[in-house]
Amino acid sequence: MLVLAGTGAAGIYWPRPGQRLQVAASRLTISPVTRGNFQEFTAIDGVVQPLRTVYLDAAEAGTVQEVLVEEGATLTAGQPLLRLANPDLQLEMVNRETAVYDLMNNLRNTRNQLLQNRILRQNQLADIDFQLAEARRVFDTNQVLYDQQVIARQDYLQSQNAYHYQLRRQQLTQQTLRQDSVAMQQQLGTMQESVQRMTSNLALMRRKLDDLLLRAPVGGRLSSLAAEVGEAKTRGQRLGQIDALAGVKLHAAVDEFYIARIGTGQVGEVVVDGQAYALRVTKIFAQVAKGLQIDLAFTGTPPAGLRRGQTLPIRLAMSAKAPAVLLPKGGFYQQTVGNWAFKLAADGTRAQRVAIRLGRQNPDYYEVLAGLQPGDRVVTSSYEGYADQQELVLDNRQP
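A quick note: this is a predicted structure, and the numbers were derived from the prediction, not measured.

1. Some points on the sheet that holds strand β8 (residues 62–67)
- The strand order β11-β10-β8-β13 describes an open sheet built from four strands, whose pairing is antiparallel. Edge positions in the sheet fall to β11 (213–215) and β13 (232–233), since each of these pairs with one other strand and no more.

2. Examining unusual backbone geometry
- The backbone of Gln149 sits at a positive phi, close to 60°, despite the residue not being glycine.
- For Asp273, which is not glycine, the phi dihedral falls at a positive 55°.
- Within the fold, Asp273 resides in the loop between β16 (267–272) and β17 (275–288).

3. Comments concerning the packing of helix α1 (residues 87–147) against helix α2 (residues 153–210)
- Packing of α1 against α2 leaves a shortest axis separation of 7 Å and a crossing angle of 165°. By the angle class used here, α1 and α2 are roughly antiparallel. When you trace α1 past α2, the crossing you get is left-handed.
- Looking at the contact of α1 with α2 residue by residue, the classes come out as 29 nonpolar, 20 polar and 14 charged.

4. What to know about the pattern of salt bridges
- This structure, assessed with the given rule, holds 14 salt bridges.
- The residue Arg96 makes a salt bridge to Glu92 at a minimum N-O spacing of 2.8 Å. Of this pair, Arg96 and Glu92 both sit in helix α1, four residues apart, roughly one helical turn.
- What makes Arg96 partly exposed here is its relative accessible area of 29%.

5. Some words on α1
- Taking 1.5 Å of rise per residue, the 61 residues of α1 would be expected to cover 90 Å, and the 89 Å separating its terminal C-alpha atoms lies within 8% of that figure.
- Phi for Gln149, located one or two positions after α1, is positive at around 60°.

6. Some points on the layout of surface pockets
- Put simply, the largest pocket is a space of about 150 Å³.
- At the level of elements, β6 (41–50), β7 (53–57), β15 (248–254) and β17 are the ones that each hand at least two residues to the lining of the largest pocket.
- A breakdown of the residues in the lining of the largest pocket according to their chemical character gives three nonpolar, three polar and four charged.

7. A look at the pairing of β15
- With five of seven residues buried, β15 is to be regarded as a mostly interior element.
- Two elements, β6 and β15, share five bridges in a ladder whose sense is antiparallel. Its bridge partner being in β15, Pro50 is matched across the sheet by Val248.
- As judged from the six bridges shared by β15 and strand β18 (residues 292–298), these two strands associate in the antiparallel manner. Following the sheet pairing, His251 is matched in β18 by Asp295.

8. Some remarks on the confidence of the model for the chain
- Summarising the model, the chain shows a mean pLDDT of 85, and 95% of its residues fall at 70 or more.
- This stretch, residues 1–15, has a pLDDT under 50; its non-local contacts, to residues over four places away or in other chains, come to 30 contacts.

9. Details of the side chain of Asn142
- Within the fold, Asn142 resides in helix α1.
- A relative accessible area of 14% places Asn142 in the buried class.
- Excluding residues within four positions of it along the chain, Asn142 makes contact with Ile151, Asp155, Tyr156 and Ser159.

10. Some points on the side chain of Ser31
- As for its placement among the helices and strands, Ser31 is situated in strand β4 (residues 30–32).
- Taking the relative accessible area as the measure of exposure, Ser31 reaches 9% and is therefore buried.
- Reaching out from Ser31, the side chain makes a polar contact with the side chain of Thr380 at a distance of 2.8 Å.
- Apart from the residues within four sequence positions on either side, Ser31 is in contact with Pro328, Asp376, Arg377, Val378 and Thr380.

About the criteria used
In this numbering scheme, every chain counts its residues from 1 along its sequence in written order. Side-chain atom pairs in this predicted model are given and counted only at pLDDT of 80 or more, local residue features only at pLDDT of at least 70, and totals for whole chains, interfaces and linings cover all residues. To get the side-chain values, all heavy atoms of the structure are used, and hydrogens and water are removed first. Only when DSSP finds a minimum of two bridges between them are two strands counted as paired. Labels follow the DSSP assignment, with helices taken as runs of H or I lasting at least four residues and strands as runs of E lasting at least two, numbered in each case from the N terminus. Working convention: axes come from line fits to C-alpha atoms, limited for helices to the stretch in contact. Angles between N-to-C directions cover 0 to 180 degrees. Relative orientations are named as follows: roughly parallel for angles under 35 degrees, roughly antiparallel for angles over 145 degrees, roughly perpendicular for angles from 65 to 115 degrees, and oblique for any other angle. Crossing handedness follows the turn of the near helix against the far one: under a right angle anticlockwise gives a left-handed crossing, and clockwise gives a right-handed one. Three residue categories are used. Nonpolar comprises Ala, Val, Leu, Ile, Met, Phe, Trp, Tyr, Cys and Pro, charged comprises Asp, Glu, Lys and Arg, and polar comprises the others, including Gly. The salt bridge criterion pairs a side-chain nitrogen of Lys or Arg with a carboxyl oxygen of Asp or Glu, the two atoms within 4 Å. Buried means the residue's accessible area, taken with a 1.4 Å probe over protein chains only, is under 20% of the maximum for its type, while exposed means over 50%, and partly exposed covers the values in between. A helix is expected to span 1.5 Å multiplied by its residue count minus one. In this analysis, the protein atoms alone were mapped onto a 1 Å grid. Cavities are point sets where a 1.4 Å probe fits without being able to get out; pockets are open sets with protein on both sides within 12 Å along at least five of seven lines; lining residues have an atom within 4 Å of a point. Grid points are joined across faces, edges and corners, and a volume is the space filled by probe spheres set on the points. pLDDT expresses, on a scale from 0 to 100, how confident the predictor is about each individual residue. Residues are treated as being in contact if the distance between any of their heavy atoms lies within 4.5 Å. Counting of polar contacts relies on pairs of N or O atoms within 3.5 Å, with two restrictions inside protein: one atom must be capable of donating a hydrogen and the other of accepting it, and residues adjacent in sequence are counted only when both atoms are side-chain atoms.

Right under this line is the structure:
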């Protein structure tokens, strides 16, 4: 039985007797399976960009009130760039502050009222405890006197009922006090959470007001600034960008075929004036537009004289060099998609169909994952005309 893996699924192929074909050996390309180092590359073009570019966007909407720097200026981190004005945001800030102060006052008043109610309940419980103790004393005395037949049964039963009444009052008052305590904690907790939420919202509002003063997040050169006094800006609108002064990187697009095989830290190289410079993938952009967009940084000193926008050819390694079983590339892949191949018998007179599994590939070799071993010989030419056969009989006499 042969297990043949198809695209997206696996199939079972049962050989049938008589499925063999005699083929002239001269029509076939027979390649040996070897063991060696395998590495895959893809060629891409990289565009020189500053090592770090920071875009300036309006965090809040507003009208440009003041421009503090000129385009092209060298900036330090935290330096003010421009100021926006937003009266609606300032009014909302005042309203939220008032709401927080009101809620804090309500919380303080509610806590005081609940504490007063608790003290009142505790006083009631203390009075009931006293009355219960007195009723218990009278009942115990009357019980002794009744046993000695000194008092009437009516007096004894009256003291007993008074004692049970006070005992029940104590139980109910204690239960009420416990419930009031739980309710008080829940109510205070709810109000405290509301105060915390409103305080957090107030802090967020303060940060929004601070965002009306746009500052440089990093040091560098202000390569662009699109803002004029009196101009209205919306939230998220691009205002400019800052280019870091130290270092450059390469931005490139990789064919979508390799999306699943590109990762940060992946290595490559670029040749400038005959000298190779090592690269490393530092960023992979989530949005795929005209290929997978990536950034690469030089692992050492970059070439001198590189300018922004310059294009350089990159050879991006899709795998590290590692020992592997190698099969030379050939036309057979078009019919088998790497799921099976004709492997020659030891005497070289016939080739048997066997299930295989291929992995990565480069312009010269396929990586063999299963089904073949070093030393095997495989028919790697096209299988057109006999792809449905189970065995090929090689005839060396035919031209």
